Amino acid sequence: MVAPPDNDVLRARALHFKHNGSPALSGVSLGVREGEILAVGGPRGSGKTTLLRCLSGQLLPQQGEVWFNSVPVHTMGPLGRERLRRDRFGWIDPVPVLVPELNAWENAALPLMLRGTGRRHAKAAALEWLERLDVGECARKRPHALLQSERQRVAIARALVSCPTVLFADEPTAPLHRADRTHVLRTLTTAARSHGITVVLATHDAETAALADRAVTLLDGRRVTTVHLPPATGTEGRAACSLSA
Ligand SMILES: Nc1ncnc2c1ncn2[C@@H]1O[C@H](COP(=O)(O)OP(=O)(O)OP(=O)(O)O)[C@@H](O)[C@H]1O
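For clarity, every value in this text was computed on a predicted model and none was experimentally measured.

Trainee: Now, about the sheet that holds strand β3 (residues 37–41): what can you tell me, with residues and values included?
Mentor: Within the open sheet, the 6 strands sit side by side as β6-β7-β8-β3-β9-β10. Their pairing is mixed. Strands with a single pairing partner mark the edges of an open sheet, and in this sheet they are β6 (89–92) and β10 (222–224). This sheet shows a mean twist of 25° between the axes of neighbouring strands, independent of strand direction. Judged from the 4 bridges that link them, β3 and strand β9 (residues 214–219) form a sheet pairing that is parallel. Bridge pairing in β9 places G41 opposite T217. Running over the sheet, helix α5 (residues 148–160) touches β6 and β7 (166–170) and is turned about 170° from β6.

Trainee: Go over helix α6 (residues 178–195), please, and point to the residues and values.
Mentor: Over its 18 residues, α6 extends 26 Å from the first C-alpha to the last, a length consistent with the 26 Å expected when each residue adds 1.5 Å. Against the buried residues of α6 lie β3, α5, β7, β8 (198–202) and α7 (206–209). Two residues or fewer past α6, G196 is found with a positive phi of approximately 65°.

Trainee: Tell me about the site of the ligand, and please be specific about residues and values.
Mentor: Every one of the 14 residues lining the ligand counts as a neighbour, but H19, A24, R44, T49 and T50 are closest to it. Looking at the shell around the ligand, the elements with two or more residues in it are β2 (22–33) and α1 (48–55). Sorting elements by how many residues they give to the shell around the ligand places α1 first, with 3 residues. Counted by class, the shell around the ligand contains 2 nonpolar, 10 polar and 2 charged residues.

So, how was this worked out
- Residues numbered from 1 in each chain as written.
- Predicted model: local features only at pLDDT ≥ 70, side-chain atom pairs only at ≥ 80, totals over all residues.
- Pairing = 2+ DSSP bridges.
- Helix = DSSP H or I, 4+ residues; strand = E, 2+ residues; numbered from the N terminus.
- Axes fitted to C-alpha atoms, helices over the stretch in contact; angles between N-to-C directions.
- Contact = placed C-beta atoms within 7 Å.
- Expected span 1.5 Å × (residues − 1).
- Near = placed C-beta within 6 Å.
- Nonpolar A, V, L, I, M, F, W, Y, C, P; charged D, E, K, R; others polar.

This is the structure in structure tokens:
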């Protein structure tokens, strides 16, 4: 087993994963460089979520390797992977999952408190992120009193609050109106770039993928060839298109 190159914070080698016998990933390999925003594109059911779950240690591939820096995630036990996720990774689901008994700032502050940060400091950091995501006024409301789009912004604040090494975002703007998506995505990508957070972003939306530094595309659990295009004037990030399966 050989660790990935130094500039890859994450690397997958020949990943295979089947859900109850049905293939979701069939030999996917990729590297994610430190600090980059990588979009994982592809149509529904192409394996994006399964790939992010394998990369983040939530699922163990049946074959293949996942490396986080020089750590072989695929050989770690459940406790080690749980600790890795708590201490180094952030996660955004397409649908916000918040703790119903906690208000918005307490939800957003959770990752810091789980790492042992004091309540005062955790609250200040959570409030700052809620403000940036335009839900500062919701700080004292519980999830049931929030709109779905507000809950998703709280979930995004929670994912960013601890400045994770890698943030996995699975269709993070799915519950938002189209008009809100660009603002939230820009907040997310700007925050990631300014804090050096590596982002792996699953999306089937080309506009979202265009905010990334690089895009890879899945089709039926396999990577398809990706070509990089130079940055277009007035747009953030670079575009990419897939040529062949
Ligand atoms: N828990 C599960 N049980 C059985 N099959 C599953 C399960 N999760 C995913 N699959 C199947 O695995 C394949 C890949 O699914 P996955 O969710 O990874 O794709 P995706 O590209 O993220 O799709 P979407 O854009 O719809 O979220 C699909 O055929 C899907 O139906």
